[in-house]
Amino acid sequence: MFKGNKPSFNEIINAQTSDGSWKVISLGLFANVIACENIRDQGVLESLAKTALAEGADIEIIYVTLLAIIILQKAYVSEESEAAMIIANAKTYCKKAGVRNPNAILKKFTLPLRV
């Protein structure tokens, strides 16, 4: 089921880019936090597909960034205070990309996580 060890908190946050997003390549890292084979949450992807994204926004990068946020919030609870600024930057990125309410989409995630 898992491809490797659950990544450390630092590995997750170090993968964040300067604009607050995570690149699609980070999915390989995140796969070790997801407790199922499929790391694509269809409900979230459908919500993003219905969203009027900003010109040039990449739906895949937005999805990976939202996934990173949910992973930080649910699988790394003990680092909550450290993660707050990182999550805030990620939400700002999502808003600039056209996601008006990242929290509403975050609530749609149903992927089981390794905590």
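To keep things clear, this report deals only with the structure shown in the data block. What you see is a predicted model, and the numbers here were worked out from it, not measured in a lab.

Quick notes on the nonpolar core
If you look at the biggest cluster of nonpolar residues, it comprises 38 residues, and the most contacted ones within it are Trp22, Tyr63, Leu66, Leu67, Ile71, Leu72 and Phe109. Secondary-structure elements contributing two or more residues to this core are helix H1 (9–14), helix H2 (27–30), helix H3 (42–49), helix H4 (59–75), helix H5 (80–96) and helix H6 (102–106). A per-element tally of this core places H4 first, with 11 residues. Those residues in contact with Ile71 that lie beyond four places of it in its chain are Ile12, Phe30, Val33, Ile34, Tyr76 and Leu113.

Details of the pattern of salt bridges
It is possible for side chains bearing opposite charge to pair when their charged atoms get close. Per the counting criterion, the structure on display carries 1 salt bridge. The shortest N-O distance in the salt bridge between Arg40 and Glu60 comes to 2.7 Å. In this pair, Arg40 is assigned in the loop between H2 and H3 and Glu60 in helix H4, connecting sequence segments 20 residues apart. A relative accessible area of 26% places Glu60 in the partly exposed class.

Things to note about H5
With 17 residues, H5 should reach 24 Å at 1.5 Å per residue; the first-to-last C-alpha distance of 24 Å fits that figure. At Ile86, H5 shows its maximal bend, which comes to roughly 25 degrees. Looking at the packing, one finds that the buried side of H5 touches H1, H4 and H6. Phi turns positive, to about 110 degrees, at Gly98, one or two residues after H5.

Notes on the packing of H3 against H4
Taken N-terminus to C-terminus, the directions of H3 and H4 make an angle of 135 degrees; their axes are 11 Å apart at the nearest point. Taken as axis vectors, H3 and H4 run oblique relative to one another. Both H3 and H4 take part in a crossing whose hand is right-handed. On the side of H3, the interface is formed by Val44, Leu45, Leu48 and Ala49, while H4 contributes Ile59, Ile62, Tyr63 and Leu66.

Parameters at a glance
- Residues numbered from 1 in each chain as written.
- Predicted model: local features only at pLDDT ≥ 70, side-chain atom pairs only at ≥ 80, totals over all residues.
- Heavy atoms only, no water.
- Core = buried A, V, L, I, M, F, W, Y, C linked by side-chain atoms within 4.5 Å.
- Buried < 20%, exposed > 50% of the residue type's maximum accessible area, 1.4 Å probe, protein only.
- Helix = DSSP H or I, 4+ residues; strand = E, 2+ residues; numbered from the N terminus.
- Contact = heavy atoms within 4.5 Å.
- Salt bridge = Lys/Arg side-chain N within 4 Å of Asp/Glu carboxyl O.
- Expected span 1.5 Å × (residues − 1).
- Bend = angle between axes of the 7 residues up to and from the residue.
- Axes fitted to C-alpha atoms, helices over the stretch in contact; angles between N-to-C directions.
- Parallel < 35°, antiparallel > 145°, perpendicular 65-115°, else oblique.
- Left-handed = near helix turned anticlockwise from the far one by under 90°.

What is shown is where atoms sit, not what they do.
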